[in-house]
There are 2 protein chains.
Amino acid sequence: MTDAQPHATTPALSAHSSAQEVRHAARSGALSGHTSGLAAEHVQGNLAILPAELAGDFLRFCQRNPKPCPLIGVSEPGQYMLDDLGLDLDIRSDVPRYRVWEHGELVSEPTDLRALWRDDLVTFVLGCSFSFEHALLAAGIPLRHVEQGCNVAMYRSNIPTRAAGPFHGPMVVSMRPLKAADAIRAIQITARTPEIHGAPVHLGDPALLGIADIQRPDYGDAVPIMADELPVFWACGVTPQAAIASARPAFCITHAPGHMLVTDLLNRQLGQG
Amino acid sequence: MTDAQPHATTPALSAHSSAQEVRHAARSGALSGHTSGLAAEHVQGNLAILPAELAGDFLRFCQRNPKPCPLIGVSEPGQYMLDDLGLDLDIRSDVPRYRVWEHGELVSEPTDLRALWRDDLVTFVLGCSFSFEHALLAAGIPLRHVEQGCNVAMYRSNIPTRAAGPFHGPMVVSMRPLKAADAIRAIQITARTPEIHGAPVHLGDPALLGIADIQRPDYGDAVPIMADELPVFWACGVTPQAAIASARPAFCITHAPGHMLVTDLLNRQLGQG
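Note that this is a predicted model, so its numbers are computed, not measured.

Draft legend 1. Examining the pattern of salt bridges more closely. Residues and elements named next belong to chain A. Enumeration according to the criterion identifies 28 salt bridges over all chains in this entry. With a closest N to O distance of 2.5 Å, arginine 99 and glutamate 109 form a salt bridge. Placement of arginine 99 in strand β3 (residues 98-102) and of glutamate 109 in the loop between β4 (105-108) and β5 (121-127) is noted, with a sequence separation of 10 residues between them. Given a relative accessible area of 22%, arginine 99 falls into the partly exposed group. Residue classification places glutamate 109 among the partly exposed positions, given a relative accessible area of 33%. Among the ionic pairs, aspartate 228 bridges to lysine 179, the shortest N-O distance being 2.7 Å. With a gap of 49 residues between them, aspartate 228 in the loop between β8 (202-203) and β9 (229-235) and lysine 179 in strand β7 (residues 170-179) connect regions that are remote in the sequence. Note on lysine 179: relative accessible area 42%, which makes it partly exposed. Overlapping salt bridges, with partners in common, bring together Arg27, Asp88 and Asp94 in one network.

As structure tokens, this is what we get:
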């Protein structure tokens with residue numbers, strides 16, 4: 001097969017694909033990789049699926065920590081068709097790759113949950129920084145990790161979350177180096193979308209967040225910070241995953257990193273109340 | 001005269017005075033001092049009065065440099081009653097103290113302009129940072145120069161203005177030290193009011209603005225910057241005054257520093273389009 005003869009049954013996915021095309025490719029098994037850059041106009045979400053007995057605690061954790069845990073959807077127990085987030089959206093199959101956890105240990109990375117589904121599972125979908133990065137790039141603000149094709153740098157900060165039931169732990173923050181004028185614009189742009197982490201939580205000296213070495217992130221990849229740049233820190237969607245890891249529930253499911261749920265929501269609809 | 005027997009014809013002015021009370025006190029000569037803190041809910045303005053032959057150039061200068069030169073009112077030539085800015089507002093008498101300039105030299109500091117008035121004079125009133133400082137303090141963001149009872153620190157930056165006719169020169173910036181979280185909130189708050197300088201133009205390293213020693217401001221008073229604070233820089237209303245000084249017009253009038261025009265406009269009406 002060459003570029004001139006694409007596979008007949010697997011159309012290439014791109015920034016211009018529809019959200020449903022991406023989800024159906026995940027469902028069919030044609031897509032088991034990252035969703036970064038696919039269906040670029042659409043909101044992508046972090047996923048957490050928990051037994052109903054823990055769902056109330058996790059919901060309160062998100063409500064108490066809205067900047068790192070911006071909820072864009074919560075299902076009923078057992079509900080797997082999430083109509084509010086997309087047409088024909090089946091959360092059991094429409095994410096390219098999942099992670100299944102038992103007592104805090106990763107036990108498998110399936111591409112389909114139908115065999116594992118239970119009537120007591122509650123799905124949480126949380127906003128993700130892909131959406132605000134889309135807005136920053138559209139405003140002409142360069143993002144180094146995008147230019148370098150690596151993952152954003154993330155750090156466990158000394159900002160505590162407000163605990164709820166077994167869910168607790170530090171706020172995880174993502175860092176993007178920006179020139180001061182771009183940082184000022186980025187604050188204004190991201191403040192408009194509290195659905196996806198909102199305005200930064202810090203900028204400048206990393207030590208004030210308890211970060212000893214900015215070149216050694218706890219998650220993701222390090223990027224250089226130039227002399228005329230400030231590190232700018234946003235609340236990060238890894239925070240709830242870290243809180244779930246700390247809580248060590250007997251059973252839970254998340255998305256695999258970078259393998260997000262692509263919703264029918266449009267990034268440009270965010271920030272409009 | 002004691003506190004128990006205030007002067008019958010000069011009621012004490014305060015934050016709770018009406019704007020018209022402050023203007024009438026200036027008009028009668030009862031007030032010839034600073035207006036800081038008086039009629040606190042009201043927009044105060046910087047003043048520039050120029051002959052009509054220069055007014056077009058100055059208007060273009062303001063239009064081209066809206067952050068340092070936020071126009072809130074422009075008169076017709078010779079017009080001295082500025083109804084748009086206040087009831088019974090006479091610009092010849094209602095500012096506590098003026099400065100008269102000839103060829104760039106300060107020649108007098110009168111408290112009344114009626115003897116100097118000319119039919120070709122055009123009045124420009126520009127927004128002033130008192131309004132956004134009011135909003136920052138109301139949001140619980142402390143301002144060191146207010147706490148210390150001194151003037152804000154101001155610097156000639158390396159940011160050029162866009163020239164118009166004889167008006168040119170660097171942007172003058174004011175600096176307020178803030179903790180990062182307060183800086184992020186202050187950016188959001190001040191971005192809402194482009195009528196009064198809008199969002200900051202810089203934060204962090206002063207050297208990037210060409211400021212060699214942050215403890216030696218070009219105007220106003222130095223304030224200390226704590227280890228957990230960032231210097232945050234806004235475009236400053238001294239910029240147009242510096243541009244006028246550079247242009248050295250044969251005749252012009254400004255307010256004396258700190259002796260502002262108190263308008264009937266309300267600070268809370270700013271930022272609403």
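Draft legend 2. Spotlight on the interface of chain B and chain A. Taken residue by residue, the interface counts 14 residues in chain B and 13 residues in chain A. Regarding the contact of chain B and chain A, the summed buried area is about 1200 Å², with carbon and sulfur atoms giving 80% of it. For the chain B face of the interface with chain A, the top three residues by lost area are Ile184(B), Ile187(B) and Leu203(B), together amounting to 39%. For the pair chain B and chain A, the number of links is 0 salt bridges. For the pair chain B and chain A, the number of links is 0 residue pairs in polar contact (both at pLDDT 80 or more). Those elements giving two or more residues to the side of chain B that touches chain A turn out to be α5 (180-191) and β8 (202-203) of chain B. Residue composition of the side of chain B that touches chain A, grouped by class: 10 nonpolar, 3 polar and 1 charged.

Draft legend 3. Representation of the sheet that holds β9(A) in the model. All names here are of chain A. Taken together, 4 strands build an open sheet; the order of strands is β6-β7-β9-β8 and the sheet is antiparallel. Each edge of the open sheet carries a strand with a single partner, namely β6 (153-160) and β8. In this fold helix α5 (residues 180-191) packs onto β7, β8 and β9, with an angle of close to 130° to the strand it touches most, β7.

Calculation notes
Residues numbered from 1 in each chain as written. Chains lettered and ligands numbered in written order. Predicted model: local features only at pLDDT ≥ 70, side-chain atom pairs only at ≥ 80, totals over all residues. Heavy atoms only, no water. Salt bridge = Lys/Arg side-chain N within 4 Å of Asp/Glu carboxyl O. Helix = DSSP H or I, 4+ residues; strand = E, 2+ residues; numbered from the N terminus. Buried < 20%, exposed > 50% of the residue type's maximum accessible area, 1.4 Å probe, protein only. Contact = heavy atoms within 4.5 Å. Buried area = accessible area lost by both parts, 1.4 Å probe. Polar contact = N/O pair within 3.5 Å; in protein donor to acceptor, adjacent residues only side chain to side chain. Nonpolar A, V, L, I, M, F, W, Y, C, P; charged D, E, K, R; others polar. Pairing = 2+ DSSP bridges. Axes fitted to C-alpha atoms, helices over the stretch in contact; angles between N-to-C directions.

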